Amino acid sequence: MSFSNLGLSAELLHAIQDSGYTTPTPIQQKAIPAVLTGRDLLAAAQTGTGKTAGFTLPILQRLAQTSYSRNRPVRALILTPTRELAAQVGESVLKYGTHQQPRLKSEVVFGGVKINPQMMRLRGGVDILTATPGRLLDLINQNAVRLDKVEILVLDEADRMLDMGFIKDIRKILALLPKQRQNLLFSATFSAEIRKLTEGLLIKPVTVEVAAENATADTIDQIVYTVNKTAKTALLTHLVKTKNWQQVLVFTSTKHGANKLTEKLNTAEIKAAAIHGNKSQGARTSALAGFKAGEIRVLVATDVAARGIDIAHLPFVVNYELPRSSSDYVHRIGRTGRAGKMGQAISLVSQDEQPALKLVEKLIGSKINREQISGF
Ligand code: AMP
């Protein structure tokens, strides 16, 4: 299977070639032709499957085929749960659209930064808008953008948007869109709430599943270390040092916990940085850049902040604490074991977390190997 069989234009194939991709991923093979026909799409896919190209490529093609009016109303709207993911989607749109003539205009808007520059950027009109729901509503309220010409709507990581409490905002946004449009929904997990949302939204969707529902990739080696709560930091330090881990993403359940752990790792001479909602966008961006470049060995993150982070070959993910919701476990460990490379997902589990561990195992449908390190 090659990209040239999917019905994409020469300009888009050129950009794909620039990216160095040779073979479309399973989700791309299925989603691209479906989206090109104008059908609605329901895709079970998490980050790392190539889903972003799976929707940005056919959107670029479809929009290039229809003409736009002079004031350039938004014709494709992509909603994402976090600023990081929004930024990454925006980068993909730019990258894949680079050889199109004329070029489509794309903008990304999210909260946590000043709204005025975003209003300015939207002024000349934009074809493709990627946004987090709250900031988009703010911009609509300020009359900075209108959605009455949207042809294609994407809900990216819909499960995560619902987990983050965006359902009301999403419903408000949906009410502003034209009835006649194409809808694409991506979600890693399918709760009752997601199913309810899709029922009212999608019309005879093409369904694409790249992995069994709520399953974890078989390229991820999962291990549980049973450990006393008080010994977790010492165990993590021990593992990083003795196993010589060079790039580790660690999840904690609180911002405070992320800060504390980061401090302790740095004291132990393991270069670490934290990213969470209380950090400025600049601090997050530089921590992530340092981590990608190998200058920061351990990145400590909360679930929300880590959403959408895309690191090509991340070898290790650690759950310093198990997440509150089991579906977050699937999201977290999906950061590793991507693109056919093996990854390890390590959970440090104390006695009081045993019930949470059982729930995780029930969700993924298998038992995770337990190991113990002497002294911990
Ligand atoms: P995504 O699931 O969209 O976050 O993409 C995960 C990663 O896979 C990104 O770094 C993409 O650049 C990369 N990627 C997407 N499509 C392909 C492909 N066909 N071949 C190789 N890498 C890809």
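Residues numbered from 1 in each chain as written. Predicted model: local features only at pLDDT ≥ 70, side-chain atom pairs only at ≥ 80, totals over all residues. Heavy atoms only, no water.

Further remarks concern the overall build of the protein chain. Within the protein chain one finds 15 helices and 14 strands. At 21 Å, the protein chain has a C-alpha radius of gyration in line with the 21 Å of a compact globule built from 376 residues. Its C-alpha atoms put the protein chain at 70 × 45 × 40 Å along the principal axes. Pairs at least 24 apart in sequence give 75% of the contacts found in the protein chain among residues at least 6 apart. When the accessible surface of the protein chain is split by element, carbon and sulfur atoms take 51% of a total near 16,700 Å². For the protein chain, the separation between the mean place of its 48 positive charges and that of its 32 negative charges on side chains is 4 Å. (Helix = DSSP H or I, 4+ residues; strand = E, 2+ residues; numbered from the N terminus. Rg over C-alpha atoms; globule rule 2.2 N^0.38 Å. Contact = heavy atoms within 4.5 Å. Areas by Shrake-Rupley, 256 points an atom, 1.4 Å probe, with all protein chains shown as cover. Lys, Arg positive; Asp, Glu negative; His and termini not counted. Charge placed at Lys NZ, Arg CZ, Asp CG, Glu CD.)

Let's shift gears to the site of the ligand. Taken together, the neighbourhood of the ligand is formed by 13 residues, with Tyr21, Gln28, Gly48, Gly50 and Thr52 sitting nearest. At a separation of 2.8 Å, a nitrogen atom of the ligand approaches a polar backbone atom of Thr23. Gly50 is positioned such that a nitrogen or oxygen atom in its backbone is 2.7 Å from an oxygen atom of the ligand. Isolated, the ligand exposes 500 Å² of accessible area, and the fraction of that covered by the protein chains is 77%. Of the residues assigned to the shell around the ligand, the class counts are 3 nonpolar, 8 polar and 2 charged. (Near = heavy atom within 4 Å. Polar contact = N/O pair within 3.5 Å; in protein donor to acceptor, adjacent residues only side chain to side chain. Nonpolar A, V, L, I, M, F, W, Y, C, P; charged D, E, K, R; others polar.)

With that out of the way, let us pick up the sheet that holds strand β7 (residues 206-209). Pairing within the open sheet is parallel, and its 7 strands lie in the order β3-β4-β2-β5-β6-β1-β7. The sheet is open, and its two edges are formed by β3 (106-109) and β7, each paired on a single side. On average, adjacent strands in this sheet sit at an angle of 10° to one another, irrespective of strand direction. Running over the sheet, helix α6 (residues 133-141) touches β2 (76-79), β3 and β4 (128-131) and is turned about 120° from β4. (Pairing = 2+ DSSP bridges. Axes fitted to C-alpha atoms, helices over the stretch in contact; angles between N-to-C directions.)

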